[in-house]
Amino acid sequence: MKLVVALPLLLSSLLAVSSMAKDFDFFYFVQQWPGSFCGTSQGCCFPDTGKPAADFGIHGLWPNYAQCQGRQGLAARAMLGEDVAGAVGRRGKCWPEYCDDGNALRPWAIRDLVRSLEQNWPTLSCKGNGRSFEFWSYEWKKHGTCSNLEQRDYFASALAVKAAHNLTEILAGAGIVPSESETYSVSSVSEAIAQGTGFKANLECNRGADGEAQLFQVYQCVDKEAKQLIDCPLSMPTKCRGDSIKLPVF
């Protein structure tokens, strides 16, 4: 009799856990070059821990859909050889967001990661008064709550991916280094990352204060377990006008 009573409770518990799982297809792991962030007309502000190193910094680990509404979804389905006429996005977007507003980031959950996060995931925004924790909290609330990962695991996974594939070193190995005057082709940057990591990535450029195109962000794609890089299933606008970009000194 006790077993009969316990089974419905077990089943209801399992269903509750299952309903909490978020549906997505891959992660975008996004890193930004600080010289390009700070080199615009808007400028930047350093975190309260001081000027970060001249290294790609984490922007976020973002759950994403492989099929969605709009240009990105149509491009992805075309790449996969699917009929794009009826492309319909889940929730009408290319990504889930704000999946659990009540699940705020707890400082003690990531206490052993703080030093590494300060080095690898610093804020450069002037909106947060130099406090990187506010940046991490925002990324967790918007993206992390949709990741199916616990708070510490979410941040530890991002740090592990960055450590396994150091973009700054990969580009330097291909002769692509920060410079005030040197320019590089978009294709050479893409090829260097693909050869250095084994997987293709998407690039995003912005415009410097002098109006020239800069390598701003690199979008690498990661499997749903947030462990392994994969080829990006979505193409995206690069905002790279022409084929010549800078990697500004920071």
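Computed from a predicted structure; not experimentally measured. (Residues numbered from 1 in each chain as written. Predicted model: local features only at pLDDT ≥ 70, side-chain atom pairs only at ≥ 80, totals over all residues. Heavy atoms only, no water.)

A.B. asks: Describe the overall build of the protein, naming the residues involved and giving the relevant values.
C.D. replies: The helix and strand inventory of the protein stands at eight helices and seven strands. Taking all 250 residues of the protein together, 44% fall into the buried category. Counting only contacts in the protein whose residues sit at least 6 apart along the sequence, the fraction spanning at least 24 positions is 74%. A total of about 13000 Å² of accessible surface is found on the protein, and carbon and sulfur atoms cover 55% of it. (Helix = DSSP H or I, 4+ residues; strand = E, 2+ residues; numbered from the N terminus. Buried < 20%, exposed > 50% of the residue type's maximum accessible area, 1.4 Å probe, protein only. Contact = heavy atoms within 4.5 Å. Areas by Shrake-Rupley, 256 points an atom, 1.4 Å probe, with all protein chains shown as cover.)

A.B. asks: Any chance you could break down the layout of surface pockets for me, citing the residues and the numbers?
C.D. replies: For the largest pocket, the calculated volume is near 610 Å³. In terms of lining, the largest pocket is formed by 25 residues, of which the most central are His-59, Trp-62, Phe-135, Tyr-138 and Glu-139. Among the secondary structure elements, those contributing two or more residues to the lining of the largest pocket are strand 1 (26-32), strand 2 (57-64), helix 5 (132-142) and strand 5 (213-222). Residues that form the lining of the largest pocket fall into these classes: 11 nonpolar, nine polar and five charged. (1 Å grid on protein atoms, 1.4 Å probe; cavity = no way out; pocket = protein on both sides within 12 Å on 5 of 7 lines; lining within 4 Å. Points joined across faces, edges and corners; volume = space filled by probe spheres on them. Nonpolar A, V, L, I, M, F, W, Y, C, P; charged D, E, K, R; others polar.)

A.B. asks: Now, about the pattern of salt bridges: what can you tell me, with residues and values included?
C.D. replies: Charged atoms that come close allow side chains of opposite charge to pair. In total, this model carries six salt bridges according to the counting rule given. Two residues, Lys-162 and Asp-55, come together in a salt bridge whose shortest N-O distance is 2.9 Å. On the criterion of sequence distance, the pair formed by Lys-162 in helix 6 (residues 151-164) and Asp-55 in the loop between helix 2 (34-38) and strand 2 is long-range, its members being 107 residues apart. There is no split in this pair, since Lys-162 and Asp-55 are both buried. Beyond isolated ion pairs, a larger network of salt bridges with shared partners links Asp-210, Glu-212 and Lys-246. (Salt bridge = Lys/Arg side-chain N within 4 Å of Asp/Glu carboxyl O.)

A.B. asks: Go over the pairing of strand 1 with me, naming the residues and quoting the values.
C.D. replies: Counting buried residues along strand 1, seven of its seven residues qualify, which places the element largely inside the surrounding structure. Relative to strand 2, strand 1 runs antiparallel, the two sharing seven bridges. Residue Val-30 lies in a different strand from strand 2, and its bridge partner there is Gly-60. In this sheet, strand 5 lies alongside strand 1 in antiparallel orientation, the contact comprising six bridges. Paired with Val-30 across the bridge in strand 5 is Tyr-219. (Pairing = 2+ DSSP bridges.)

A.B. asks: Any chance you could break down the state of the cysteines for me, citing the residues and the numbers?
C.D. replies: By the definition in use, this model includes five disulfides. Here Cys-45 is linked by a disulfide to Cys-126, with a sulfur-sulfur distance of 2.1 Å. Between Cys-45 and Cys-126, the S-S dihedral sits near 100°, and the bridge is therefore right-handed. One end of the pair, Cys-45, is in the loop between helix 2 and strand 2; the other, Cys-126, is in the loop between helix 4 (114-120) and helix 5, with 81 residues separating them in the sequence. Under the relative-accessibility criterion, Cys-126 is labelled partly exposed at 43%. One disulfide bridge connects Cys-99 with Cys-146, the sulfur atoms lying 2.0 Å from each other. Looking along the S-S bond of the Cys-99-Cys-146 disulfide, the torsion reads about 105°, which is the right-handed sense. Placement of the pair is Cys-99 in the loop between helix 3 (71-79) and helix 4 and Cys-146 in the loop between helix 5 and helix 6, with a sequence separation of 47 residues. By relative accessible area, which is 0% here, Cys-146 ends up buried. (Disulfide = S-S within 2.5 Å.)

A.B. asks: Any chance you could break down the UniProt feature "active site" (unreviewed entry) in the protein for me, citing the residues and the numbers?
C.D. replies: The positions that UniProt labels "active site" (unreviewed entry) are, in the present scheme, His-59, Glu-139 and His-143. Across 85 residues in sequence, these annotated residues keep their C-alpha atoms within 11.3 Å of one another, forming a single compact spot. Among the residues just listed, His-59, Glu-139 and His-143 line the largest pocket. The residues contacting His-59, other than those within four sequence positions of it, are Val-30, Gln-31, Gln-32, Trp-121, Phe-135, Glu-139 and Gln-217. Here Glu-139 lies in helix 5. Residue Glu-139 is classed as buried on the basis of its relative accessible area, which comes to 2%. Not counting residues up to four positions away in its chain, the partners in contact with Glu-139 are His-59, Gly-60, Trp-62, Trp-121, Gly-144 and Tyr-154. A distance of 2.9 Å separates a polar atom in the side chain of Glu-139 from a polar atom in the side chain of Trp-62. (UniProt positions renumbered as here; feature names shortened; annotations may be inferred. Polar contact = N/O pair within 3.5 Å; in protein donor to acceptor, adjacent residues only side chain to side chain.)

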